[in-house]
Amino acid sequence: MQHAEMNSTSENLINHLKELESKLIDFLKKYSGVKRTLFPGDGRVSARGNYSFDKLDSIAIPFQDFLYKEFNKIFELIFVLILDSPQEYITDFLKQKGQIEEYICQDQRTWAKNIDEVILESSESIKVISKIVSDIFPKSKSQPILVVDTNSLYAKPEIEKWSFHEFSKFEIAITPSVLYKV
């Protein structure tokens, strides 16, 4: 029996990032606003920017919470996968991650003058992270990486005995949040 071609780890991560990017853009367009809060000549200076986000309506909070949690899940996975990579990748990833989190949380000043700039900068950060993933994990016929969730460890805790008819060889990645729960 022949199996259908599976996406690589990098393709799956990048596709998931694109899906989340679309949801982030929808959230920003629908619920967010930016206003100037520091003006030239008023005697105040901020290293974080002259603009701040409008207060989110209560209806936006569940969407903000969803985005924060989903982005952090994928960021955690990417971080685990690039942990042994050159420091420049890790530093750049953490910078872009912080930028996206800032735009989701909307609790800091910003240099972005409007939501269109926020969207553009968010998309650029996601592109940089996607490039990091594709650079480190180029599309190849390498063995698959299986990401373990808590339920699978409870069901079958002896991971050294795991086998799958789809794969003769595979790698296992366990994220810190899963290790913490077990």
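Worth saying up front: this structure is predicted, and the values here are computed from it rather than measured.

Conventions adopted
- Residues numbered from 1 in each chain as written.
- Predicted model: local features only at pLDDT ≥ 70, side-chain atom pairs only at ≥ 80, totals over all residues.
- Heavy atoms only, no water.
- Pairing = 2+ DSSP bridges.
- Helix = DSSP H or I, 4+ residues; strand = E, 2+ residues; numbered from the N terminus.
- Right-handed = clockwise from strand over helix to strand, strands pointing away.
- pLDDT = per-residue confidence, 0-100.
- Axes fitted to C-alpha atoms, helices over the stretch in contact; angles between N-to-C directions.
- Parallel < 35°, antiparallel > 145°, perpendicular 65-115°, else oblique.
- Contact = heavy atoms within 4.5 Å.
- Nonpolar A, V, L, I, M, F, W, Y, C, P; charged D, E, K, R; others polar.

Visitor: I keep staring at the pairing of strand β4 (residues 171-174) and nothing clicks. Help me out?
Guide: On any regular strand, side chains alternate: one points to one face of the sheet, the next to the other face. Sheet analysis places strand β3 (residues 145-148) next to β4, joined by four bridges and oriented parallel. Within the sheet, the bridge partner assigned to V148 lies in β4 and is I174. Handedness of the β3-helix α5 (residues 150-155)-β4 crossover: right-handed.

Visitor: Would you mind going over the confidence of the model for the protein chain with me for this structure?
Guide: Do not read the predicted coordinates in detail wherever pLDDT is low. When pLDDT is averaged across the protein chain, the result is 86; 87% of the residues are at 70 or more. Mean pLDDT across the elements of the protein chain bottoms out in helix α6 (residues 176-181) (74) and peaks in helix α3 (residues 87-105) (97).

Visitor: Got a minute to help me understand the packing of helix α2 (residues 61-82) against α3 in this structure?
Guide: When two helices pack together, their arrangement is given by the angle between the helix axes and by the axis-to-axis distance. Direction vectors running N to C along α2 and α3 enclose 175°, while the axes themselves pass 10 Å from each other. By the criterion of interaxial angle, the relationship of α2 to α3 is roughly antiparallel. Only Y89, I90, F93, L94, K97, I100, E101, I104 and C105 of α3 make contact with α2, whose side of the interface consists of Q64, L67, Y68, F71, N72, F75, I78, F79 and I82. A class-by-class count of the residues in the contact of α2 with α3 yields 14 nonpolar, two polar and two charged.

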